[in-house]
Amino acid sequence: ITIENLTALIGKNDIGKSTILEALDIFFNQVKIDSGDRNVFHPDEETVIGCIFDELPTEIALEDVATSFSGEYLLNENGKLEILKIYPANGKQTIWIYANHPSNDGFDDLLSKKNNDLKARIRAAHLEESVNLSINSAMRTALWASLGSTITLEPKLISADQADEKKLWPKIEPLLPAYRLFKADRPS
């Protein structure tokens, strides 16, 4: 569903209009999904709520250094930011970015690498003279650029809130729209 400045959801009762709005509320505002919001036919399956965003800022500050969603290969094949929140039947939600990301061996995991690991890869590629070794995004950019025309992009799920990638979500979340759900026909 494309959400514009004015979007109307029209349909019969109990067809899912409120479910869409409640899913957006869960995506934007809740950490945990209620058991009543799960698939009643398959309650043990994970629940996935995804949103795709356009009109993004041209820059994002990762590691307190300006970079871009496209420069970090965080956009899907349509050039948009696609975020998936996965709610397992038991356990904590996880947040993923579905992106068209480099898949070349040794270049597909650069977002998860710490500074020392990136430095080692820069040195192994003999790029240390051309890049600032204190800026992770600059090292990732140099490594990906070193592939030239051999870079291969494939759709991939990138963790936005786990391990070292957890730095992604706190940087992205403030850039997303604010969403509040007000129910006039039910208790708030």
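Rules used in this analysis
Residues numbered from 1 in each chain as written. Predicted model: local features only at pLDDT ≥ 70, side-chain atom pairs only at ≥ 80, totals over all residues. Heavy atoms only, no water. Patch = residues over 30% accessible without salt bridge, like charges linked within 9 Å, V, L, I, M, F, W, Y side chains within 5 Å. Areas by Shrake-Rupley, 256 points an atom, 1.4 Å probe, with all protein chains shown as cover. Salt bridge = Lys/Arg side-chain N within 4 Å of Asp/Glu carboxyl O. Helix = DSSP H or I, 4+ residues; strand = E, 2+ residues; numbered from the N terminus. Core = buried A, V, L, I, M, F, W, Y, C linked by side-chain atoms within 4.5 Å. Buried < 20%, exposed > 50% of the residue type's maximum accessible area, 1.4 Å probe, protein only. Contact = heavy atoms within 4.5 Å.

> For a nonpolar patch on the surface, give the residues involved together with the corresponding values.
A surface patch of nonpolar side chains, amounting to about 440 Å² of accessible area, comprises Ile1, Ile3, Leu9, Ile20 and Leu21. Its location among the elements puts Ile1 in the segment before α1 (17–29).

> Can you explain the nonpolar core? Please cite residues and give values.
Membership of the largest hydrophobic core comes to 39 residues, with the highest contact counts inside it found for Leu81, Ile83, Ile97 and Ile172. Taken together, the elements giving at least two residues each to this core come down to α1, β1 (47–53), β2 (60–62), β4 (81–87), β5 (94–102), α2 (115–124), α3 (136–146) and α4 (168–172). Not counting the four nearest positions on each side in its chain, Ile83 is found in contact with Phe27, Ile49, Gly50, Cys51, Phe53, Ile95, Trp96, Ile97, Trp169 and Ile172.

> Residue-level account of the pattern of salt bridges, with values.
A complete count under the given rule lists four salt bridges for this structure. Between Asp54 and Lys80 there is a salt bridge, and its shortest N-O distance comes to 3.9 Å. On the criterion of sequence distance, the pair formed by Asp54 in the loop between β1 and β2 and Lys80 in the loop between β3 (65–67) and β4 is long-range, its members being 26 residues apart. Between Arg121 and Asp109 there is a salt bridge whose closest N-O contact spans 2.9 Å. One end of the pair, Arg121, is in helix α2; the other, Asp109, is in the loop between β5 and α2, and 12 residues separate them in sequence. For Asp109, a relative accessible area of 23% translates into the label partly exposed. Through salt bridges with shared partners, one network takes in Asp109, Lys113 and Arg121.

> So, unusual backbone geometry: which residues are in play, and what are the values?
Positive phi, normally seen in glycine, also occurs at Asp14, with a value near 60°. Looking at where Asp14 falls in the secondary structure, it is placed in the segment before α1. Positive phi values are uncommon outside glycine, yet Glu55 reaches one of about 55°. With respect to the helices and strands, Glu55 occurs in the loop between β1 and β2.

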